[in-house]
Structure formats: structure tokens, C-alpha cells
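Examination of the molecular architecture
Residues per chain are reported as follows:
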There are 2 protein chains.
Amino acid sequence: MAQNIYDDPKFFAGYTTLRRQKIGLDGAPEWPRLRAMLPPLAGARVADLGCGFGWFARWARENGAASVLGLDLSENMLARALRDTADPAIEYRRADLDALDLASGAFDLVYSSLAFHYVADFPKLVAAIHRGLVPGGALVFSIEHPIYMAAGKIDWIDGPGGRRTWPVYDYGIEGERRTDWFADGVLKFHRTLATTLNDLIGAGFAIARIDEYAPTPKEAAADPSLRTELDRPGLLLVSARR
Amino acid sequence: MAQNIYDDPKFFAGYTTLRRQKIGLDGAPEWPRLRAMLPPLAGARVADLGCGFGWFARWARENGAASVLGLDLSENMLARALRDTADPAIEYRRADLDALDLASGAFDLVYSSLAFHYVADFPKLVAAIHRGLVPGGALVFSIEHPIYMAAGKIDWIDGPGGRRTWPVYDYGIEGERRTDWFADGVLKFHRTLATTLNDLIGAGFAIARIDEYAPTPKEAAADPSLRTELDRPGLLLVSARR
């Protein structure tokens with residue numbers, strides 16, 4: 001079973017101060033890129049793995065999805081999702097992505113934002129998603145980028161000539177990473193970019209597009225804090241088709 | 001036109017001391033991985049872009065290829081390839097990958113080792129390769145990894161706790177990189193991993209497999225110098241199908 005850090009009171013209190021949690025999808029700088037990877041939503045049956053507060057579930061319904069199944073391990077997240085949602089075509093269910101079981105061929109789109117890096121067994125997860133999608137169905141997800149996660153650090157260092165530098169080591173050594181982020185010992189799993197893509201291809205997916213999120217010059221000018229994302233990618237977005 | 005650094009006497013003198021140039025394919029630690037990505041060679045018509053001394057061309061013929069066209073910009077490399085090759089089914093030709101022109105549908109395999117990062121216009125190159133391949137044909141290539149190339153440095157730094165650390169910055173800023181490697185100002189082009197894969201997909205290729213070369217534990221034990229490749233990938237290998 002995955003670590004349920006979102007139900008750790010200290011973590012949850014910190015996490016809910018994030019802009020992307022306070023104002024939803026538009027508070028996440030990568031959202032326009034992730035949105036651009038989505039297939040047409042009209043009539044689509046959608047599963048959202050790691051649905052959190054239900055921001056995406058509600059947005060998908062507003063944009064034509066026939067139904068959304070939102071899964072999350074956190075009772076805190078699900079309680080607020082239920083509180084904020086009044087839509088009989090959205091169902092929330094508590095589930096552990098380490099033991100995902102989707103009805104066969106029941107979905108046109110499986111979506112996930114920043115959840116898969118908590119999952120230990122990625123091939124198992126990907127096989128379950130593949131079974132759950134109709135042929136031609138789409139998997140669109142974001143994870144922490146392996147360059148960001150490799151060394152298990154979340155701080156910049158002074159590099160050559162005092163240059164702000166992202167430290168990379170142990171990139172090729174996959175497995176557990178522990179970070180202190182709102183709570184101590186948050187457990188994530190580092191996989192190389194090659195492993196992530198090869199696991200998808202091995203399960204029968206075709207890679208449609210990947211995006212190592214970085215701002216455009218216009219975005220970076222509007223929000224200088226995004227310049228760091230040009231120095232090293234923090235997020236990896238992937239679009240694949242069954 | 002690409003920079004013809006291989007005909008710079010200082011560069012060429014240094015370059016030819018590399019193990020992979022002295023003993024050929026088996027001198028390159030990534031070769032077994034690249035070889036595993038190749039389609040069956042029996043009867044295949046092969047193009048090798050950046051053929052160098054012709055090591056791969058001769059190996060492909062020994063392994064059943066019907067013919068090999070080896071292209072390189074360097075007169076030094078081609079002269080030695082010609083000297084070392086006695087096989088009427090191998091043709092060497094001087095060519096600039098910035099202006100590649102392959103006969104339409106003339107090849108079953110396009111192969112390239114560590115040449116594409118010298119090419120400025122990758123979409124143009126990829127379109128030319130796509131035209132040159134038969135439907136179902138394979139493109140298998142290696143390049144310097146964008147993590148390796150991003151900061152334009154080729155040296156490790158002391159990171160947190162004195163840890164050997166690879167410096168990453170400017171990953172999202174694509175374009176020219178100049179390094180001093182056997183000669184001053186060797187010109188390469190940094191592209192993100194996303195750009196490399198998306199350009200291939202955009203040209204009509206399906207990504208079959210990628211490999212961010214790292215040694216196995218056995219390989220690292222046999223050659224401790226390879227441990228660095230577990231800290232950050234130096235090479236990216238890609239297999240795609242038209």
C-alpha cells in the first residue's frame with residue numbers, strides 16, 4: 001500500500017496552502033500544457049487517479065465528459081472533494097494506486113496529476129490502466145521529473161561560477177526517495193525517463209507526446225519564479241494512447 | 001553546414017585515442033544496448049549517418065546486411081574507412097547531415113552513433129530519414145544525453161556533502177553549446193529529451209524504446225569508471241519505427 005502522506009495532518013496543512021490547491025487547475029503552471037494533451041472530452045468516460053479535491057473531475061464534466069470516477073487514497077482529500085462537488089456523474093472512491101483495479105474497457109481517458117511517483121510498481125499500475133481503457137483510449141499524466149527527483153534533494157546549489165545549479169546524481173539508481181516536504185520522510189519512487197516510457201510501450205501504449213514542463217519566455221516574464229523551470233525540469237507530462 | 005571538427009588536426013589526434021575508435025564497437029560501453037535495439041539485419045539495406053571509420057558498416061555486413069551506405073562529413077574519417085574496408089556492398093560518401101538527402105524508401109535501417117547532436121535542424125534531419133526508410137523501417141541512434149549537455153560543462157562538481165554531482169542548468173534553453181573537447185569550441189546542439197522524441201513522433205515515427213545508458217551492477221563492478229554513468233546519463237539511445 002502506498003504511503004498515505006496526504007492524511008498526515010502536518011503534510012495536509014502545508015499542502016493545502018499550495019496555489020494549485022487553493023485556486024485549482026489554473027494555479028498549476030503546467031496545466032495549459034497538460035490540458036493541451038487531452039483528447040476531446042465530449043461524452044468521454046474519465047478516470048482521475050489521485051483526484052485530490054476534485055478540481056479536474058469538475059472541470060472535465062464542465063467540458064463535456066459523460067462521467068468521472070475520481071480515486072484517491074486520502075480521506076482528507078476525498079472529504080473535501082465530496083463537499084465541493086454536486087454532480088451525480090462524478091463518483092469519488094477511496095483507492096490505492098498500488099492495487100488499482102479498473103473495470104475492463106470502461107474508460108476513454110485515464111488522467112493523473114502528480115500521483116504516479118508515489119507508486120512503487122509502475123508496470124503493474126500501467127497494466128491496470130491499459131485494461132481499463134478502450135482501444136484508442138488516452139492516458140495523460142504528470143509526475144515529478146526524474147531529473148528533479150534523482151538526487152533526492154529539493155534544493156538548488158551554487159555551481160560553477162556561482163551559477164544556480166540543480167544537483168544530479170544517482171539518476172540511474174531507481175527506487176525509493178525520501179524527502180522532507182511539509183512532513184518528514186515523504187516516500188516517492190524514482191524511475192528514469194527511459195523506464196517510464198519503456199514501461200508504457202511494453203504495456204502496449206503508443207507514446208503520443210511528452211513535455212518536460214518549462215515556461216515560455218512570456219510566461220517566465222510574467223512570473224520570474226518560473227525561470228527555475230528553465231534550469232531543470234520539475235515535471236514530466238506524458239500523453240499515450242492504448 | 002555542420003562544423004567539421006573531425007577534420008581539425010588537434011581534435012582528430014585526440015579523438016582517435018578513444019577506446020571506441022581504437023578497438024571499434026566493442027570499445028563503446030553502450031554498444032550492447034544499441035545492438036539490442038537493432039532490427040534483424042539479414043538482407044537489410046542500411047544507412048549509417050556519421051559512419052566514422054566504418055566499424056558499424058563492416059559489422060552490419062558481417063551480420064547479414066545486404067548493403068551499407070556510410071555517410072560522414074570528415075575526410076579524415078572517410079579516408080580511413082575506405083582504407084579499412086574491402087567490401088563492394090559498402091559505399092562511403094561525404095555528406096553533411098544538415099543537408100541529408102536519402103533516396104526515397106531506399107533503406108530498412110538508418111543507424112547513427114553520436115552524430116545527431118552536431119545537427120542544428122533536427123526536424124529537417126528526421127524528415128529526411130523518414131523519407132529514406134521503407135514503411136516499417138527502423139531508426140536506431142545514440143546522442144549525448146540532454147542532461148549531460150544542458151549546462152555545456154563536461155566536469156563533475158562537488159555537491160551536497162562533497163558528493164560527486166552533475167551540474168544541470170539551462171536544460172530548457174535549447175540551441176548551441178560550445179565545449180572544449182580535444183579542440184576548443186566544439187559546436188553541439190542541445191535539445192530536450194521531449195523535443196527529440198516529439199520531433200520523431202511529429203515526423204511519423206513510433207517510439208519503440210529509449211535507453212539512458214547506465215551500466216548494470218556487473219558492468220560497473222568490472223569497470224569502476226562506469227559508475228559515473230549511474231550518477232547521470234551521458235548517452236541517450238533511441239529506437240523508432242517508421
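Here is what the cut-offs are and how they apply
- Residues numbered from 1 in each chain as written.
- Chains lettered and ligands numbered in written order.
- Predicted model: local features only at pLDDT ≥ 70, side-chain atom pairs only at ≥ 80, totals over all residues.
- Heavy atoms only, no water.
- Buried < 20%, exposed > 50% of the residue type's maximum accessible area, 1.4 Å probe, protein only.
- Helix = DSSP H or I, 4+ residues; strand = E, 2+ residues; numbered from the N terminus.
- Pairing = 2+ DSSP bridges.
- Contact = heavy atoms within 4.5 Å.
- Buried area = accessible area lost by both parts, 1.4 Å probe.
- Salt bridge = Lys/Arg side-chain N within 4 Å of Asp/Glu carboxyl O.
- Polar contact = N/O pair within 3.5 Å; in protein donor to acceptor, adjacent residues only side chain to side chain.
- Nonpolar A, V, L, I, M, F, W, Y, C, P; charged D, E, K, R; others polar.
- Least-squares fit on C-alpha atoms with pLDDT ≥ 70 in both.
- Axes fitted to C-alpha atoms, helices over the stretch in contact; angles between N-to-C directions.

This part takes up the pairing of strand S9 (residues 186-190) of chain B. Residue and element names in this part refer to chain B. The element S9 is largely enclosed, with a buried count of five among its five residues. Going residue by residue along S9, you find Val186, Lys188 and His190 tucked away on one face and Leu187 and Phe189 tucked away on the opposite face as well. Pairing analysis gives five bridges linking strand S8 (residues 175-179) to S9, with the strands arranged antiparallel. Across the sheet, the residue bridging to Arg177 is Lys188, located in S9. Between S8 and the antiparallel strand that follows it, S9, lie six residues; Phe182 among them carries a positive phi value of about 70°.

This part covers the interface of chain A and chain B. On the chain B side, the residues contacting the 34 residues of chain A number 34 residues. Note on chain A versus chain B: buried area summed over both sides is about 2,700 Å², and carbon and sulfur give 62% of it. Our count for the contact surface shared by chain A and chain B stands at four salt bridges. The interface formed by chain A and chain B holds 22 residue pairs in polar contact (both at pLDDT 80 or more) in total. Residue assignment for the side of chain A that touches chain B shows that the elements contributing at least two residues are strand S7 (164-168), helix H8 (193-203), strand S10 (206-212) and helix H10 (228-231) of chain A. For the side of chain A that touches chain B, the element with the highest residue contribution is S10 of chain A, accounting for six residues. When the residues that make up the side of chain A that touches chain B are grouped by side-chain class, the tally is 19 nonpolar, five polar and 10 charged. The sheet contact formed by S7 of chain A and strand S7 (residues 164-168) of chain B spans three bridges and is antiparallel. When the bridges of S7 of chain B are listed, Trp166 of chain A appears paired with Val168 of chain B.

For the rest of this paragraph, the subject is unusual backbone geometry. Leave glycine aside and you will find that most residues have negative phi; peptide bonds, for their part, are mostly trans. Residues and elements named next belong to chain B. A positive phi is found at Leu114, a non-glycine position, where the angle reads about 55°. Structurally, Leu114 is set in the loop between strand S4 (107-113) and helix H6 (122-132). For Leu114, a relative accessible area of 19% translates into the label buried.

With that out of the way, let us pick up the relation of the copies chain A and chain B. With an RMSD of 0.0 Å, chain A superimposes on chain B once it is rotated by 180° and translated 0.0 Å along the axis. Expressed as a symmetry operation, the mapping of one chain copy onto the other fits a two-fold axis. No C-alpha of chain A lies nearer the rotation axis than that of Pro167 of chain A, which sits 2.8 Å from it.

For the rest of this paragraph, the subject is the sheet that holds strand S6 (residues 157-158) of chain B. Two modes of strand pairing occur in sheets, parallel and antiparallel, and in both the strands are linked by backbone hydrogen bonds. Strand order in this open sheet of four strands is S6(A)-S7(A)-S7(B)-S6(B), and the pairing throughout is antiparallel. If you trace the sheet from one side to the other, it starts and ends with strand S6 (157-158) of chain A together with S6 of chain B, each paired once. Two elements, S6 of chain A and S7 of chain A, share two bridges in a ladder whose sense is antiparallel. Of the residues in S7 of chain A, the one forming a bridge with Ile157 of chain A is Thr165 of chain A.

To continue, consider helix H4 (residues 55-62) of chain B. Each α-helix turn comprises 3.6 residues. Residues three or four places apart therefore point the same way. All names here are of chain B. Taken as a whole, H4 has its buried residues at Phe56, Ala57, Arg58, Trp59 and Ala60. In this structure, the buried residues of H4 make contact with helix H3 (31-36), strand S1 (45-49), strand S2 (67-72), helix H5 (75-84), strand S3 (90-94) and S4. Trailing H4 by a residue or two, Gly64 shows a phi angle of about 105°, which is positive.

The next thing to look at is the sheet that holds S1 of chain B. All names here are of chain B. If you trace the seven strands from one edge of the open sheet to the other, you get S3-S2-S1-S4-S5-S11-S10, paired in mixed fashion. Taken across any chain shown, the strands that pair with only one partner, and hence form the sheet edges, are S3 and strand S10 (206-212). For this sheet, the mean inter-axis angle between neighbouring strands, taken without regard to orientation, is 15°. Of the strand pairs in this sheet, S1 and S2 are connected by five bridges, and their pairing is parallel. The residue bridging Val46 from the neighbouring strand is Val68, located in S2. Together, S1, S4 and strand S5 (133-144) form the strand contacts of H6, whose direction differs from that of S5 by roughly 145°.

So, on to the pattern of salt bridges. Following the criterion strictly, the structure yields 34 salt bridges over all chains and no others. With its nearest N and O atoms 2.8 Å apart, the salt bridge here joins Arg163 of chain A to Asp231 of chain A. Placement of Arg163 of chain A in the loop between S6 and S7 and of Asp231 of chain A in helix H10 is noted, with a sequence separation of 68 residues between them. The class of Asp231 of chain A is buried, set by a relative accessible area of 0%. Because the salt bridges share partners, they merge into one network encompassing Arg163, Arg164, Arg227 and Asp231 of chain A together with Asp170 of chain B.

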